[in-house]
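The primary structure of each chain is shown beneath.
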Number of protein chains: 2
Amino acid sequence: MSTYKGFEPKWFQGEIPANSYRSVFKWGAPEKIKAPGERMFRDVLRRFGIGDETFHDYQQNLGLDEVKFDIPVLLADEHIAALKAIAGEEYVRSDDYARFSVAYGKTMYDIMRARNKVVENVPDVVVYPDTREQIEAIVAYATLHKIPLYVYGGGSSVTRGVECVRGGISLDMRLRFNKVVKFNEEDQLITVESGISGPKLEDLLNDAVKEFGAKRAYTLGHFPQSFEHSSVGGWVVTHGSGQNSTYYGCIQDMVLGQSYATPKGVVTTDSHPRKATGPDLDQIMMGSEGAFGVLTHVTLKICRHMPETVCRFSYMFKDWQTGITAAREIMQSEAGNPSVFRLSDPEETSIMVNMYGVMESPLRHLFSVKGMKENEMCLFLGFTNGEKGYSKNTAKNVARVAKRYGGLSLTGYVCKGWEHGRFSDPYLRDTLQDFGVLMDTMECSVNWSDMARVHAEVRKTVKARPNTICMTHMSHVYPQGGNLYWIFIILENDMEAFRAFHASILDAIQRSGASMSHHHGIGKMFGPWLEGQLGRNEYAVIRALKEYFDPDNIMNPGGTLGLDLDEGEKKFLKG
Amino acid sequence: MSTYKGFEPKWFQGEIPANSYRSVFKWGAPEKIKAPGERMFRDVLRRFGIGDETFHDYQQNLGLDEVKFDIPVLLADEHIAALKAIAGEEYVRSDDYARFSVAYGKTMYDIMRARNKVVENVPDVVVYPDTREQIEAIVAYATLHKIPLYVYGGGSSVTRGVECVRGGISLDMRLRFNKVVKFNEEDQLITVESGISGPKLEDLLNDAVKEFGAKRAYTLGHFPQSFEHSSVGGWVVTHGSGQNSTYYGCIQDMVLGQSYATPKGVVTTDSHPRKATGPDLDQIMMGSEGAFGVLTHVTLKICRHMPETVCRFSYMFKDWQTGITAAREIMQSEAGNPSVFRLSDPEETSIMVNMYGVMESPLRHLFSVKGMKENEMCLFLGFTNGEKGYSKNTAKNVARVAKRYGGLSLTGYVCKGWEHGRFSDPYLRDTLQDFGVLMDTMECSVNWSDMARVHAEVRKTVKARPNTICMTHMSHVYPQGGNLYWIFIILENDMEAFRAFHASILDAIQRSGASMSHHHGIGKMFGPWLEGQLGRNEYAVIRALKEYFDPDNIMNPGGTLGLDLDEGEKKFLKG
C-alpha cells in the first residue's frame, strides 16, 4: 500500500524465487524488502537533477532467474569422499546454488556481477561443518593435499574477502557451526563457534537468564550495520567494529581467546585478562582474514545489558569544523565515552534532516534563527550506555561541550529516527539499484589534526564525478581521532566503471595519508593497496607470517591482504 | 637521626662510592637510601620469629668495592672503530664500570651476584647513542658482522632482560637517547626516544604549558613501581603496566606508533587511531623484548592531567573472598574504572595496617566491633581519575559496592599512606638485604573464577618454605579478572637457593593455570617456561617471527623469550 502522493516507481517488492541470483545478492533477511519513502525518493531525484523518467523502467536485471552456470567441479572424487567422511554425506554440496551462494560478498561489484549472471570464483564444493574437530580435520586434509580452502561466515564482506579465487573448498559456517560453547558469568565471557550470527548471539546474551540460568542479561555491544548478516568469525578476522564501538570497543577489544585450525596445527590462545608473555598472539591472528588459518572458537568479553540507562542526544552544529572540534573535545575530556557517536558532514546532514522530516518541523525556523544554513550545518547524534550514573555523566558532558560550541539541541528525536533505520537502510540498496541508483560505502581512519583536510581531499575526488551524492560521517571516535565513513550514491549501470570509481576513492584515501580501512578489512579488493599503506618492511612482516602458517598458499588464496597477487593482478585490481 | 626507641641495626646509609658494585645494584636514585621504620622492623622480626642478633652484623657484602674484573673485550678493534665513527669517540666505552653497569637488572639474583662480585654476561662495549639514525646504523652494522646487540633502558628488569649473554654491544639509552621528538596536542600524542625515563617524560607532560606551549597539562598515566628507574622503551618491549592501569590502561593501550631498527630494516607503524589493515603490527612488535630489533621512537597517547579530581578511598573487607567478590562487582558494573585499585590479602593487610599505624589508631576497636579479624580481613584502597563527574561517579560506585559487601570505610587516610611509599618502598630492599633479609616479587594474571584457587595454590608453595613472609595483592583489574602480585620476604644469603625458590614459585603459577606474567615480561629468566605457558604451536609463531627478523640471532640473544636456549640451559635455568 503506497504512501506516495505523487509518482512512485514500481519498487520491486515481489517474492524472490528460492534459487535465484537475487536470493543470493539481496541484502539481509530473505523476506525483508525496503523501498525508499517519497521524501527520500524526491530528494535523490532533486540531487541528481533528473526527473521521474529514469524510474519508469528497471535499469538493471532483477536477478530472478535460477542460478545456473557451467564451471566444472575440478576437485577429485576421492577428496570429496574424504570431506563427506569428515562432515557427513549431506553436508558436502557441489550444486550450482550452493557454490554460488558462498562466492560473493556484498560490495556493489559483487551485486552487479550477480545481477548480470557473471559467475566466477565459485568453490568446487561447499562443506557445512558442525564442529571444531571437523574443521581441524578438513584443514589438515586440505594441507596434506594442497586444496584451496575458503570460509563463508555471514556473507557481508565488502572487500571480496570470501571469494574462492582458486576454487577448492568453501566452509559455509552458517548452517551448523553457530553454537555457544561456554557461558561464564563470573568472568563475563562467552565462547562461541565462529559461524554464530550477530543477532543469534545477541539474543542469547539478552536472554541469558533464561538461556544460561544467569543472574542478569548481557550484551556483546557489537552492532555493525551488517549486524543481521554477519558472523562473529567475520568480525574477528577482518578487525570489525560496531556502531557502538565508542563505548564497547572494536572487536579486538572484545576478544579474549581464539582457536584457529592452521596448516601448522591448531593455535589456541588463553583467556587471561592480560599478559606480558611476548607478542600478543590474539593480535597476530586477528585481522588475518583467513590467510593463516580458519578461526573456530572465539571467547568474547560480555557486558551488562542495561537498555534502561540509555540517554539519547542530538545536536546541530553550525558547520563541519565546529562539529569536529566539539567531537574531539568530548572524546578528550575523560567524562565517559558515548556509545553511538555520529557526526554527519553538511551533505549527509542535509539528506538526513530531509529524510527524518526535520525540515518540515518547527526546527526549520529555529535553524534559521540560529543562523544555521542547510548546506553548512552538521548533525551530531548518539546515545550513551553503561551504569546509570556513568551514562548520565557522559550525556551531561556531551551537552556541556555541545553548548560550548553553539550546538542546538534537537532532543533524542532525531537519534530515534536514525535508530529506526540503522540495520534496515542497506535494504534500500537493492530496491534503488533496480533503477540504476548505486549506493556503496568506503571508510578510513584519521587523526584529529588531519580530519578536515582528509575529508576535503577525498570528498573532492568523489564529487569530481558528475551527479554524485557523497554523504560522510564520523562514527567511531577516539581521543586521537576517528573514522570517516563515505556513502556515495551514483547513477551507474556499468560494473567496470563502478570499479574504477571505487578504486579512485581508495587512491584518494591513501594519498590523503589516512588509514585505508577503519573496520571493513582488506580482503582481495583492497589487497593491492595494502603494501603501499603499511610500507615495504612493515608489509613484509605479514608476508613472513603467511609464509610460516601457509607455505603452500591454500588458506584463502588469490589476493587476500594482497599476499599472493602477481604484478598483473595488482594493476588490474587497482583499476 | 634515629627515631627508634629500641635497638636499631646499623642500616647502611653511608656514601656509596662512585664506581662501586653497590652504585650499580642499588635501587633507584643514587643519593636515595631508605631504612625501615621501627614498626616495620619489629614486625619483620616477629614474623620470622627471630631476635635482634641477626641484625648485629651485616650478612651480605655491602658491595662498596670498585667494579673490576678480567673479562677480555673480544670485539675486534675495527668494529669498535666503526661504532665510534657512528656514535662518536667518547660514546663508545669498554671500561669495566661501563660494561658492568649495563649487565644486570634488578631481580634479587642480579643483586646477589653483584654483591658477591660475580661478574658475567657483560658486553664487550657500551654505546651511548644519540639519534635514531645512529641506532639504525648500528643495527645494520651488527647485522652485517653478526655482532650480538643488547639494549639497556632504565635497568629495572626483573627477568634478566638486559643481560649480555653473548657479549657484543649494549646500547645504553639513558645518557642521550631520551628526547622528545614531537608533541601533538590536537591529537593528544607525544613521540619520544625510547630511552626517556618515566619521571622525565611525566614532568614534561605535567609542564606541557611551559615546555610545549600547550593549552593545558598532560599525563601519560603510566606509573609502574619502577617508575623512577625505567624507560619508555622498556615498558613497551616488555608489555609493562603501571599502578594506575585500571583507569589509564597498560602500555599497549597507550602506544599508537613505534619504530624499530631490525636486521630486516626499519619497521615503523603509523599513528592512526584504529585500523583494520591486517594483523596489528604494533602488537606484533610489542612484547618482543629486543629479540626482533631495537625500539627507537614511540608515539604515546596522553591524557589530561587533572590531579584536582582525584577521589581517594580505602575499605576493609572481612575476608579475601568477600574482597574478591566486591572487586569483581566494581569492575563489572560499568560505572567507571578506578585508577589505583589494590586489594591486599590477609597477610599483606596485616603488615600494611601495622606499617601505617592503623592498628594503633581507634580503628583497631572498630575492626573488632565489626567482627573483623587481623589475619582474615583484607584492605582495599585506591583512587579515581578522570573528569570530575566521572571520577566522582566511579568513587560513588566503589562506595556503594563496598557497602553492599560489608566493607568498612577507612577514608582516604590509608591510601595516602600507600601513596607516600609507592615509589620509595623498593629502596628498602638493599638496606634489609645487607642483613640477609631478601625481598622479591612475582606476579601473574588470573580470571575471576580462578582467583581464590590460584591464590591458595601459589601461596601454599611459597609458604611451604619455613619463615617466609608472603604478601599478595591484586593491583591491575579488569571485568574478566586481574593480576595477583606476590611479595615474598625470606632470610636467605645463598643465591642458588634463592633461584631454586624463585623457580618453584614460577612452577606453581604455571601449574595453577594462571598466566606467568601480567606485566614483568619474560626476559631470559622466565624464558624456559614460555613454551609451556603458550603451547607448542602457539610458541612456534613467536619463533617464526624471530627467525624472520633475526635469522643470525644477534638481537638480545641468549634466551630472551626462551628463543635460543638449548635443553641444557633450559634445565639449568628452570632450577
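To start, this report covers the structure provided alongside it. (Residues numbered from 1 in each chain as written. Chains lettered and ligands numbered in written order. Predicted model: local features only at pLDDT ≥ 70, side-chain atom pairs only at ≥ 80, totals over all residues. Heavy atoms only, no water.)

### Brief notes about the nonpolar core
If you look at the biggest cluster of nonpolar residues, it comprises 217 residues, and the most contacted ones within it are A:Phe100, A:Leu300, B:Phe100 and B:Leu300. Considering each element in turn, this core owes the most residues, eight residues, to helix H20 (residues 495-512) of chain B. (Core = buried A, V, L, I, M, F, W, Y, C linked by side-chain atoms within 4.5 Å. Buried < 20%, exposed > 50% of the residue type's maximum accessible area, 1.4 Å probe, protein only. Helix = DSSP H or I, 4+ residues; strand = E, 2+ residues; numbered from the N terminus.)

### Regarding the sheet that holds strand E8 (residues 255-262) of chain B
Think of a sheet as strands paired side by side through backbone hydrogen bonds, with each pair either parallel or antiparallel. Residue and element names in this part refer to chain B. Read from one edge to the other, the open sheet built from five strands follows the order E5-E6-E10-E8-E9, with strand pairing classed as antiparallel. Looking at strand neighbours, the two that pair on one side only are strand E5 (180-184) and strand E9 (265-268), the edges of this open sheet. In this sheet, adjacent strand axes meet at a mean angle of 10° when their direction is disregarded. With six bridges joining them, E8 and strand E10 (residues 294-301) adopt antiparallel strand pairing. Paired with Gly257 across the two strands is Thr299, which belongs to E10. Seen against the sheet, helix H7 (residues 198-206) touches E5, strand E6 (189-193) and E10 and runs at an angle of roughly 145° to E6. (Pairing = 2+ DSSP bridges. Axes fitted to C-alpha atoms, helices over the stretch in contact; angles between N-to-C directions. Contact = heavy atoms within 4.5 Å.)

### Looking at the sheet that holds strand E9 (residues 265-268) of chain A
Residues and elements named next belong to chain A. The sheet built from five strands is open, its strands ordered E5-E6-E10-E8-E9 with antiparallel pairing. Strands with a single pairing partner mark the edges of an open sheet, and in this sheet they are strand E5 (180-184) and E9. Here the strands of the sheet are splayed against their neighbours by 10° on average, with no regard to which way each runs. Of the pairings in the sheet, the one linking E5 to strand E6 (residues 189-193) comprises four bridges and is antiparallel in character. Following the sheet pairing, Phe183 is matched in E6 by Ile190.

### Focus: the packing of aromatic side chains
Where two aromatic rings form a pair, the distance of their centres and the angle of their planes describe that pair. Per the stated rule, a full pass over the model turns up 49 aromatic pairs over all chains. Seen from their ring centres, A:Phe313 and A:Tyr315 are 6.3 Å apart, and the 35° between their planes marks the pair as tilted. Per residue, the accessibility class of A:Phe313 equals that of A:Tyr315, and both read buried. Measuring from centroid to centroid gives 5.3 Å for B:Phe100 and B:Tyr104, while their planes differ by 75°, and the two rings are edge-to-face. Of the residues examined, B:Phe100 reaches a relative accessible area of 0% and is grouped as buried. The class of B:Tyr104 is buried, set by a relative accessible area of 3%. Its guanidinium or amino end placed over the ring of A:Tyr104, A:Arg113 lies 4.1 Å from that ring's centre, counting from NZ or CZ. Taking NZ or CZ as reference, A:Arg176 lies 3.3 Å from the ring centre of A:Tyr91, over its face. (Phe/Tyr/Trp six-rings, centres within 6.5 Å; stacked < 30°, edge-to-face > 60°. Lys NZ or Arg CZ within 6 Å of the ring centre and 35° of its normal.)

### Observations concerning helix H16 (residues 388-404) of chain A
For H16(A), which comprises 17 residues, the first-to-last C-alpha distance of 24 Å matches the rise-based estimate of 24 Å (1.5 Å per residue) to within 8%. Turning to H16(A), its buried residues number three or more, namely A:Gly389, A:Tyr390, A:Ser391, A:Asn393, A:Thr394, A:Ala395, A:Asn397, A:Val398, A:Val401 and A:Ala402. Looking at the packing, one finds that the buried side of H16(A) touches helix H10 (245-248), strand E12 (311-317), helix H13 (320-332) and strand E14 (378-384) of chain A together with helix H16 (388-404) of chain B. Put simply, A:Glu387 is the residue that caps the front of H16(A), since its side-chain oxygen is 3.1 Å from the backbone nitrogen of A:Gly389. A positive backbone phi angle near 70° is found at A:Gly406, which sits one or two residues after H16(A). (Expected span 1.5 Å × (residues − 1). Polar contact = N/O pair within 3.5 Å; in protein donor to acceptor, adjacent residues only side chain to side chain.)

### Observations concerning the relation of the copies chain B and chain A
Two chain copies here: they are related by a rotation about an axis and a translation along the same axis. Note on the copies: chain B fits chain A at an RMSD of 0.0 Å, the axial shift is 0.0 Å, and the rotation between them is 180°. Classification of the inter-copy transformation places it as that of a two-fold axis. The share of interface residues of chain B whose copies in chain A are also at the interface is 100%, consistent with both copies meeting through the same surface. (Least-squares fit on C-alpha atoms with pLDDT ≥ 70 in both.)

### Some details on the state of the cysteines
A complete count under the given rule lists zero disulfides over all chains for this structure. You can see A:Cys250 has no disulfide; the closest cysteine sulfur is in A:Cys303, sitting 13 Å from it. (Disulfide = S-S within 2.5 Å.)

### A few points about the interface of chain B and chain A
The interface of chain B with chain A comprises 90 residues on the first partner and 91 residues on the second. In this assembly, chain B packs against chain A so that about 6700 Å² is buried in total across both faces, 51% of it on carbon and sulfur atoms. Three residues stand out in chain B for area buried against chain A, namely B:Arg274, B:Glu334 and B:Gln480, and they jointly supply 13% of the buried area on that side. For the interface between chain B and chain A, the tally reads four salt bridges. The residue A:Arg304 makes a salt bridge to B:Glu329 at a minimum N-O spacing of 2.8 Å. Counting the contacts that link chain B with chain A gives 48 residue pairs in polar contact (both at pLDDT 80 or more). Of all the elements, helix H22 (residues 536-549) of chain B adds the most residues to the side of chain B that touches chain A, at nine residues. By residue class, the composition of the side of chain B that touches chain A is 36 nonpolar, 37 polar and 17 charged. (Buried area = accessible area lost by both parts, 1.4 Å probe. Salt bridge = Lys/Arg side-chain N within 4 Å of Asp/Glu carboxyl O. Nonpolar A, V, L, I, M, F, W, Y, C, P; charged D, E, K, R; others polar.)

### Points about the environment of A:Arg342
Residue and element names in this part refer to chain A. Inspection of the secondary structure assignment puts Arg342 in strand E13 (residues 340-344). By relative accessible area, Arg342 is classed as buried at 10%. For the pair formed by Arg342 and Ser475, sequence separation is 133 residues and the distance between their alpha carbons is 4.6 Å. Arg342 has contacts with Gln243, Leu379, Phe380, Leu381, Trp418, His473, Met474 and Ser475, leaving out every residue within four places of it along the chain. Of note is the side chain of Arg342, whose polar atom sits 3.1 Å from the side chain of His473.

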